[in-house]
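So the chains spell out like this:
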Amino acid sequence: MGRDDRRKARDKNKQKLPQVPQNMKSDGRDVEFSQEVADQDDLEAMRRADDADKRAKKRKSNL
């Protein structure tokens, strides 16, 4: 058994890894929210989170 035989077996596994479609990936937000019971602090937090997401997306697209 030569060196090539071991490398060949190791690399076979990489091709079999499952790929998740983009539309099935979640953004990590798994929170229930009701607009009717939101107070001013909740609305402010949502606005800040949206602003931060926009900044991160803009920074990512510039790289």
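For the structure given in this document, a descriptive report is provided here. (Residues numbered from 1 in each chain as written. Predicted model: local features only at pLDDT ≥ 70, side-chain atom pairs only at ≥ 80, totals over all residues. Heavy atoms only, no water.)

## Quick notes on the overall build of the protein
The secondary structure content of the protein amounts to two helices and zero strands. Put simply, the protein has 63 residues, and 2% of those count as buried. Of the roughly 6900 Å² of accessible surface on the protein, a fraction of 48% belongs to carbon and sulfur atoms. (Helix = DSSP H or I, 4+ residues; strand = E, 2+ residues; numbered from the N terminus. Buried < 20%, exposed > 50% of the residue type's maximum accessible area, 1.4 Å probe, protein only. Areas by Shrake-Rupley, 256 points an atom, 1.4 Å probe, with all protein chains shown as cover.)

## Side note on the environment of Glu36
Relative to the assigned elements, Glu36 resides in the loop between α1 (3–12) and α2 (40–62). On the basis of relative accessible area, Glu36 is assigned to the exposed category, the value being 72%.

## Points about the pattern of salt bridges
Taken as a whole and assessed by the stated rule, the structure comprises three salt bridges. Arg47 is paired through a salt bridge with Glu44; the nearest N and O atoms lie 2.7 Å apart. Placement of both Arg47 and Glu44 in helix α2 is noted, with a separation of three residues, approximately one turn of the helix. Residue class for Glu44 comes out partly exposed when judged on its relative accessible area of 27%. Residues Asp51 and Arg47 are paired through a salt bridge, measuring 2.9 Å at the closest nitrogen-oxygen approach. One end of the pair, Asp51, and the other, Arg47, are both in helix α2, four residues apart, so they sit about a helical turn from each other. The exposure class assigned to Asp51 is partly exposed, which follows from its relative accessible area of 27%. Given a relative accessible area of 42%, Arg47 falls into the partly exposed group. (Salt bridge = Lys/Arg side-chain N within 4 Å of Asp/Glu carboxyl O.)

## Some details on a nonpolar patch on the surface
On the surface, Phe33, Leu43 and Met46 cluster together into a nonpolar patch covering about 240 Å² of accessible area. Looking at the element boundaries, Phe33 is found in the loop between α1 and α2. (Patch = residues over 30% accessible without salt bridge, like charges linked within 9 Å, V, L, I, M, F, W, Y side chains within 5 Å.)

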